[in-house]
Amino acid sequence: MTNEAATATTTAEAAPAPEPIPHGIGASLQPADARAKTEGTFPYAADLWAEGLLWAAVLRSPHPHARIVSIDTSHAREMPGVRAVVTHEDVPGTPRHGRGVPDRPVFASEVVRHHGEPIAAVAADHPDTARMAAAAVIVEYEVLDPVTDPELAFEADALHPDGNLIRHIPLHHGDPSATGEVVVEGQYRIGRADPAPIGAEAGLAVPRPDGGVELYLGSTDPHADRDTAAAVFGLAPDRVKIVVTGVPGATADREDQGFQLPLGLLALKTGCPVKLTASREESFLGHAHRHPTLLRYRHHADAEGRLVKVEAQILLDAGAYADTSSEALAAAVSFACGPYVVPNAFIEGWAVRTNNPPSGHVRGEGAMQVCAAYEAQMDKLAKRLGLDPAELRLRNVMATGDVLPTGQTVTCPAPVAELLQAVQEFPLPPLPKDTPEEDWLLPGGPEGAGEPGAVRRGVGYGLGMVHMLGAEGADEVSTATVKVQDGVATVLCAAVETGQGFTTLARQIVQETLGVDEVHVAPVDTDQPPAGAGCRGRHTWVSGGAVERAAKMVRTQLLQPLAHKFGMSTELLQITDGKITSYDGVLSTTVTEELHGKELWATAQCRPHPTEPLDSSGQGDAFVGLAFCAVRAVVDVDIEIGSVRVVELAVAQDVGRVLNPAQLAARIEAGVTQGVGIALTENLRTPRGLIRHPDLTGYALPTALDAPDIRIVKLVEERDVVAPFGAKAASAVPVVTSPAAVASAVRAATGRPVNRLPIRPQAAVVTGQ
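Structure report, in brief. In this text, all values refer to a predicted model and were calculated from it rather than measured experimentally.

All right, on to the layout of surface pockets then. One number sums up the size of the largest pocket: a volume of about 1200 Å³. Here the lining of the largest pocket gets 7 residues from one element, more than from any other, and that element is helix H15 (residues 661–680). When its residues are assigned to classes, the lining of the largest pocket shows 20 nonpolar, 15 polar and 10 charged.

Have a look at this one:
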């Protein structure tokens, strides 16, 4: 051997071992689809294709309120290339649908109740032909005055056979005669925000030989969507199948059912595959938005700043149809006092129909709107008492064992004081004067119109809370199957991956429980048992719990023969790093060896403890669990032009247990950034019920350039004993909390009340400086 060869050999032998691949719970396991999404090869619904494909287009109402006098489809039907035109007359089953209340027509027949409501749909051999044919449908309208002010909806003529009032919740808790030495009042308005999914709605419907239909969609609740579609199509549920394709992000109910249903009707009518890809304008017109909300508050406190009583009125604008407004109102009323101890609370909440665009489930619904209002009240109270805003909050924060205004005892971990202290003690970012003036990032962006001398810095706080899972008696259940064959595990669960990381979590659970490295999660369709909607942290809790139970059952199947052979129970065996060992060291083998040639499987369900509806006084154990967050915002405001730059957001969050550190951090950062948009830019303007600028130019989403420095200063891991793994929902609560914190910081910088979101420039202008 030459010296050179000897040196090479020595170098190879000394080479460090490769880094171990992240494995199991607590590791930052990379999502299986990360590379495909990064490279642009991940298949979304808009990428689907089928032989003999037809294209669909939908005709939508240009009016927010009108009576339909007549619909003439003859010109559209006669156009070359048009294969079918459907209206309300072509719906063979139930003519209405809706997420919460089935009050929304598939196609308007007599009355149009909002701008963009579907009137007819067309299938043609080319997308341009379909759009021209939809435009050729002649609809004669008798235009009516729209009801767009929710306060006027109480006295207006009924816009719907069910009336204008969807729900009223009067919450009464404590002594109505109680008063405080200090009283502050305020009125607040929250604008209409849109979930603005990255990819607009798209789907493919394929007729089946048995007269049924398959829908390929980015659905987030496929079994509910299947049942709705089957009822509308007049088919048995087993003749409608929904296959979930790649979901391009979801911060709400991802798919508008009013989009899915015309697609299936056209496929059934033509006997051909039909594809529909919505434009961004159609997406804005069709899906549900965050509820615009009017809030009036009165806070009573003693001389030391401890809350005595909170009185509030909350009015949600549901738009034309009920959707999930009842659930949003329950959250708004229940959390109207925030994560504070309030011995006496009297809250009145209403959700009403108007001729505005429909509102529905958007991340943190109800809780986000009231958080902005009660935190504004806490700032007012601190100013009146001459107290530091953080100190006032610390004097009132709730903890485990305290009672919500609904009468429900908080049994889950509630480390609110710890969260607030963490963000309060975190070092503040340097002031602009500590850097050269040419390096300043002025409000208004680089090269902005702002002047350094007009910039004021403000620091503000927000404390927020959300509920996890459904509420008020919702039956939360999910089913999962885990199969292992020749050392490879497969998870079957109809929990849709919407970006919340469920498929990654499912792999980690099986890795942790069974010691198997290679784990696959099967695509989702409605042939699998239902798992429910992908919102409110459901799949981390319910579907993750079902996967864990199924994996543990497979683990028992794997270990029982070994335990029997060595005369011990399975509890005395453990699986670590792919090895099976006994407590006394007598048994030591590998999982791979024991699984060789075997096929093991198990199916399990997870169903959390039941809840109950709020009663006539707003009382009841309505929620399975709660999650909390504290945010400190630092902003720079140009008080001459009203421009705001969010410098930094410090976040402390109650997470129960960190399951995937990288994934958790990404979810929190995304939620905070979404909250910045709600605070400063996102406002879907609807003058007289007409959606103005339904595009991503008129609707200003925050970009990477708008995102502030986000500091996750503390994650409190106090496990919730009733939740699988002890983990809590992570995405919604920073969305709820960060807008309130930004508004608080703008108040601190300007001294202005800031009682509306998003914050308009004129609200941040200070005159007489």
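The structure having been displayed, the exposition proceeds.
It is worth spelling out empty space enclosed by the protein at this point. According to the stated counting rule, one finds 6 cavities of 30 Å³ or more in the structure shown. A volume near 610 Å³ is recorded for the largest cavity. For the lining of the largest cavity, the secondary-structure elements that each account for two or more residues are strand E18 (455–471), helix H12 (502–514), helix H13 (538–565) and H15. Here the lining of the largest cavity is built from residues that sort into 17 nonpolar, 14 polar and 7 charged.

As a further point, take unusual backbone geometry. Between Leu757 and Pro758 the backbone carries a cis peptide bond, its omega angle lying at -5 degrees. Tracing the backbone shows Pro758 in the segment after strand E29 (756–757). Positive phi values are uncommon outside glycine, yet Ala196 reaches one of about 45 degrees. The backbone of Val754 shows a phi angle near 50 degrees, a positive value even though the residue is not glycine.

For the coordinates displayed, the defined rule picks out 30 salt bridges. One salt bridge in this structure joins Arg67 and Glu142, with 3.3 Å as the shortest N-O distance. Of this pair, Arg67 sits in strand E2 (residues 66–72) while Glu142 sits in strand E8 (residues 138–143); the two residues are 75 residues apart in sequence, bridging distant segments of the chain. A relative accessible area of 38% places Arg67 in the partly exposed class.

Glancing now at the sheet that holds strand E20 (residues 488–493). The 4 strands are arranged E21-E20-E19-E25 in an open sheet whose pairing can be described as mixed. Taken across any chain shown, the strands that pair with only one partner, and hence form the sheet edges, are strand E21 (519–521) and strand E25 (599–606). Strand after strand, the sheet turns through a mean of 15 degrees between neighbouring axes, direction not considered. Pairing of E20 with E21, which is carried by 3 bridges, proceeds in the parallel orientation. Across the sheet, Val491 pairs through a bridge with Val521, a residue of E21. The sheet strands contacting H12 are strand E19 (478–485), E20 and E21, and the helix crosses E21 at an angle near 145 degrees. Running over the sheet, H13 touches E19, E20 and E25 and is turned about 145 degrees from E25.

Before going further, it helps to spend a moment on the nonpolar core. Generally speaking, nonpolar side chains in soluble globular proteins are found buried as a group. Among the nonpolar cores identified, the biggest contains 156 residues, and Tyr297 and Val482 are the most heavily contacted of them. Beyond its immediate chain neighbours, meaning those up to four positions away, Val482 contacts Thr490, Val491, Val510, Leu514, Val547, Ala550, Ala551, Val554, Leu600, Trp601 and Ala602. Listed in part, the 31 residues of the second largest apolar core include Phe107, Val232, Ala267 and Cys272.

For the rest of this paragraph, the subject is the packing of aromatic side chains. Evaluated as defined, the whole model comprises 6 aromatic pairs. Ring geometry for Phe335 and Phe623: centres 5.0 Å apart, planes at 35 degrees, overall tilted. In this pair, Phe335 is assigned in the loop between helix H8 (325–334) and strand E17 (344–353) and Phe623 in strand E26 (residues 623–638), connecting sequence segments 288 residues apart. You'll find Phe335 and Phe623 in the same group, each marked buried. Aromatic side chains Tyr340 and Tyr374 sit 6.1 Å apart centroid to centroid with 90 degrees between the ring planes, which places their arrangement in the edge-to-face category. Residue Tyr340 is found in the loop between H8 and E17, and its partner Tyr374 is found in helix H9 (residues 367–385); the two are separated by 34 residues along the sequence. Pair check on accessibility: Tyr340 and Tyr374 agree, each one buried. Just above the ring of Phe42 sits the side chain of Lys37; from NZ or CZ to the centre is 4.9 Å.

By definition, a disulfide is the covalent link that joins the sulfur atoms of two cysteine residues. On inspection of all chains with the given rule, the structure shows 0 disulfides. Cysteine Cys337 remains unbridged, with the sulfur of Cys371 as its closest cysteine sulfur at 12 Å. Accessibility expressed as a relative area gives 2% for Cys337, which makes it buried. Free of any disulfide, Cys606 has its nearest cysteine sulfur in Cys493, 10 Å distant. For Cys606, a relative accessible area of 2% puts it in the buried group.

The rules behind these values
- Residues numbered from 1 in each chain as written.
- Predicted model: local features only at pLDDT ≥ 70, side-chain atom pairs only at ≥ 80, totals over all residues.
- Heavy atoms only, no water.
- 1 Å grid on protein atoms, 1.4 Å probe; cavity = no way out; pocket = protein on both sides within 12 Å on 5 of 7 lines; lining within 4 Å.
- Points joined across faces, edges and corners; volume = space filled by probe spheres on them.
- Helix = DSSP H or I, 4+ residues; strand = E, 2+ residues; numbered from the N terminus.
- Nonpolar A, V, L, I, M, F, W, Y, C, P; charged D, E, K, R; others polar.
- Salt bridge = Lys/Arg side-chain N within 4 Å of Asp/Glu carboxyl O.
- Buried < 20%, exposed > 50% of the residue type's maximum accessible area, 1.4 Å probe, protein only.
- Pairing = 2+ DSSP bridges.
- Axes fitted to C-alpha atoms, helices over the stretch in contact; angles between N-to-C directions.
- Contact = heavy atoms within 4.5 Å.
- Core = buried A, V, L, I, M, F, W, Y, C linked by side-chain atoms within 4.5 Å.
- Phe/Tyr/Trp six-rings, centres within 6.5 Å; stacked < 30°, edge-to-face > 60°.
- Lys NZ or Arg CZ within 6 Å of the ring centre and 35° of its normal.
- Disulfide = S-S within 2.5 Å.

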